[in-house]
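# Structural overview for review
Here is how the chains run, residue by residue.
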Amino acid sequence: MEPAAAGKGSSAAGQAAGGAQEAGTPQRWEEAKTFYDSLTPKKKPKPPKPENAITIAVSSRALFRMEEEQKIYTEQGVEAYVKYQLDHENEPFLPGAAFPFVKALEAVNTQLRELYPDSEELFDIVLMTNNHAQVGVRLINSINHHNLFIERFCMTGGNSPTCYLKAYHTNLYLSSDAEKVSEAIEEGIAAATVFSPSKDVKVSENQLRVAFDGDAVLFSDESEQIVKAHGLDMFFEHEKAYENKPLAQGPLKGFLESLGKLQKKFYSKGLRLECPIRTYLVTARSAASSGARALKTLRSWGLETDEALFLAGAPKGPLLEKIRPHIFFDDQMFHVEGAKESGTIAAHVPYGVAQKQRRMAQEKQTKNSK
């Protein structure tokens, strides 16, 4: 016996077919059309024009787990790597560090399209990878398997993809390759190296949550330079003296601005409390001695974060565990490691004076090990 729904639909279709001889034909035809439309696969929405979209470029190794494949590439070379990918192209990759973030972007797009059907102010995800085109089929199969909406690919066949980022109007570049991320930062593009958390933590499926460090992420590294050169006491004095002078912008200021622009589209529909985008400032600054300058800087830019957490040097991991962001940006690897331990998908922004000291320490360690 067929399910009741199918029988009802079939009946509606049959009645519509013979409706020319019966009264009420238009109504029955609409019922039949609705039934058959429900059986037709829905078309994917058209990608927005790059100049209108907020473009997020994601590397294949950030989006998917490819540790085994990378090991083959490192130990056996490119030909063995390509052959392995071709032999396994019908096996989808498992989700990687950036996967929940991308899914959250798509969830926001769904709600934006419902409110603004004709608007192209949407997130547009581009797969940006130095893989060879032969690997493309496995990547496409994986994207379709996980029901991701990624139509734009950039596969550079071994060359660095960073030279294409500006051509794609990239607003944010996420990769697992720290060297490529540094190249992008030097080109003035918001970028970060994504790391998988040490444990799995469930994140929201309906609300995109993005957490930012302040100095050398949203703001310039001006204040960190003073801390490194003169210590905390001088830093507090400096921040008090320049409380009303906005800090210069950091590498991810533009991305926060893009998020804020989309948030206002929900606010204008009376959905501030139901907004599917939520932003957080999670900073080691203390509220009393140096927090005002950070907030006044955001205000001078016409920006805000939904929440501001001033930790006065305390570890960030426990707070991030409560927030459960889809991604957390910080310039200090110490905080990135702490975030990973709490189950947070953390992204390192290689910008500012902290990176210079880190490189010097690494070079010194390398020399001593020789």
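These figures come from a predicted structure and were not determined experimentally.

## As for the overall build of the protein chain
- A count of helices and strands for the protein chain gives 15 helices and 12 strands.
- For the protein chain, the residues scored as buried account for 45% of the 370 residues in total.
- Look at the contacts in the protein chain between residues 6 or more apart in sequence, and 74% of them connect residues 24 or more apart.
- Surface summary for the protein chain: the accessible area is close to 19,400 Å², and the carbon and sulfur share equals 51%.

## Points about the packing of aromatic side chains
- Taken as a whole, this structure holds seven aromatic pairs when the rule is applied.
- Measuring from centroid to centroid gives 5.6 Å for F212 and F329, while their planes differ by 20°, and the two rings are stacked. Note that F212 is positioned in strand 8 (residues 208-212) and F329 in strand 11 (residues 327-330), a separation of 117 residues in sequence.
- By relative accessible area, which is 0% here, F212 ends up buried.

## Focus on the packing of helix 6 (residues 99-115) against helix 11 (residues 253-267)
- Packing of helix 6 against helix 11 leaves a shortest axis separation of 10 Å and a crossing angle of 35°. Two packed elements cross with a definite hand, and for helix 6 against helix 11 that hand is left-handed. In contact with F101, V108, Q111, L112 and L115 of helix 6, helix 11 contributes F255, L262, K265 and F266.
- When grouped by side-chain class, the residues that make up the contact of helix 6 with helix 11 number seven nonpolar, one polar and one charged.

## A short note on the sheet that holds strand 1 (residues 54-58)
- Strand order in the open sheet formed by 10 strands is 5-4-1-6-7-12-11-8-9-10, with mixed pairing between adjacent strands. Among the strands making up the open sheet, the edge pair consists of strand 5 (152-155) and strand 10 (307-310). Pairs of neighbouring strands in the sheet enclose a mean axial angle of 25°, with direction left out of account.
- Note: strand 11 against strand 12 (residues 346-348), three bridges, orientation parallel.

## Some words on the side chain of K253
- One can find K253 in helix 11.
- Here K253 is in contact with V217, L218, W301 and L303, once residues within four sequence places are set aside.

## Considerations on helix 14 (residues 333-341)
- When helix 14 is considered as a whole, its buried residues turn out to be M333, H335, V336, A339 and K340. Summarising the axial view, the buried residues of helix 14 lie within an arc of 160°, below the 170-degree limit, and thus occupy one face. For helix 14, the exposed residues set more than 90 degrees away from the buried face come down to F334 and E341.
- Positioned one or two residues after helix 14, G343 has a phi angle of 95°, which is positive.

## Observations concerning the nonpolar core
- Counting 73 residues, the largest nonpolar core has F101, L208, F212 and F329 as the members making the most contacts within it.
- Examining the composition of this core, we find that seven residues originate from one element, helix 6, more than from any other.
- Setting aside its immediate chain neighbours within four residues, F329 contacts L172, L174, A192, V210, A211, F212, D213, V217, L252, F255, A347 and V349.
- Among the nonpolar cores identified, the runner-up in size contains 12 residues, and V282, L320, M333 and V336 belong to it.

## Details of the pattern of salt bridges
- This model, assessed by the stated rule, comprises 21 salt bridges.
- Its salt-bridge partner being E121, residue K261 comes within 3.3 Å of it at the nearest N-O pair. You can see K261 sitting in helix 11 and its partner E121 sitting in the loop between helix 6 and strand 4 (123-129), a full 140 residues away along the chain.
- As a salt-bridge pair, K253 and E257 come within 3.8 Å of each other at their nearest N and O atoms. Pair noted here: K253 and E257 are both in helix 11, with a separation of four residues, about one helical turn.
- Judged by relative accessible area, K253 falls into the buried class, the value being 11%.
- Via salt bridges that share partners, D215, E222, E239, R285 and R293 belong to a single interconnected network.

## So, the packing of helix 9 (residues 222-230) against helix 10 (residues 232-241)
- As a packed pair, helix 9 and helix 10 sit with axes 7 Å apart at the nearest point and diverge in direction by 145°. Where helix 9 crosses over helix 10, the handedness of that crossing is right-handed. Between helix 9 and helix 10, the residues in contact are E222, S223, I226, V227 and H230 and L232, M234, F235, H238 and E239, respectively.
- Counted by class, the contact of helix 9 with helix 10 contains five nonpolar, three polar and two charged residues.

Criteria and thresholds
- Residues numbered from 1 in each chain as written.
- Predicted model: local features only at pLDDT ≥ 70, side-chain atom pairs only at ≥ 80, totals over all residues.
- Heavy atoms only, no water.
- Helix = DSSP H or I, 4+ residues; strand = E, 2+ residues; numbered from the N terminus.
- Buried < 20%, exposed > 50% of the residue type's maximum accessible area, 1.4 Å probe, protein only.
- Contact = heavy atoms within 4.5 Å.
- Areas by Shrake-Rupley, 256 points an atom, 1.4 Å probe, with all protein chains shown as cover.
- Phe/Tyr/Trp six-rings, centres within 6.5 Å; stacked < 30°, edge-to-face > 60°.
- Axes fitted to C-alpha atoms, helices over the stretch in contact; angles between N-to-C directions.
- Left-handed = near helix turned anticlockwise from the far one by under 90°.
- Nonpolar A, V, L, I, M, F, W, Y, C, P; charged D, E, K, R; others polar.
- Pairing = 2+ DSSP bridges.
- Arc of directions from axis to C-beta.
- Core = buried A, V, L, I, M, F, W, Y, C linked by side-chain atoms within 4.5 Å.
- Salt bridge = Lys/Arg side-chain N within 4 Å of Asp/Glu carboxyl O.

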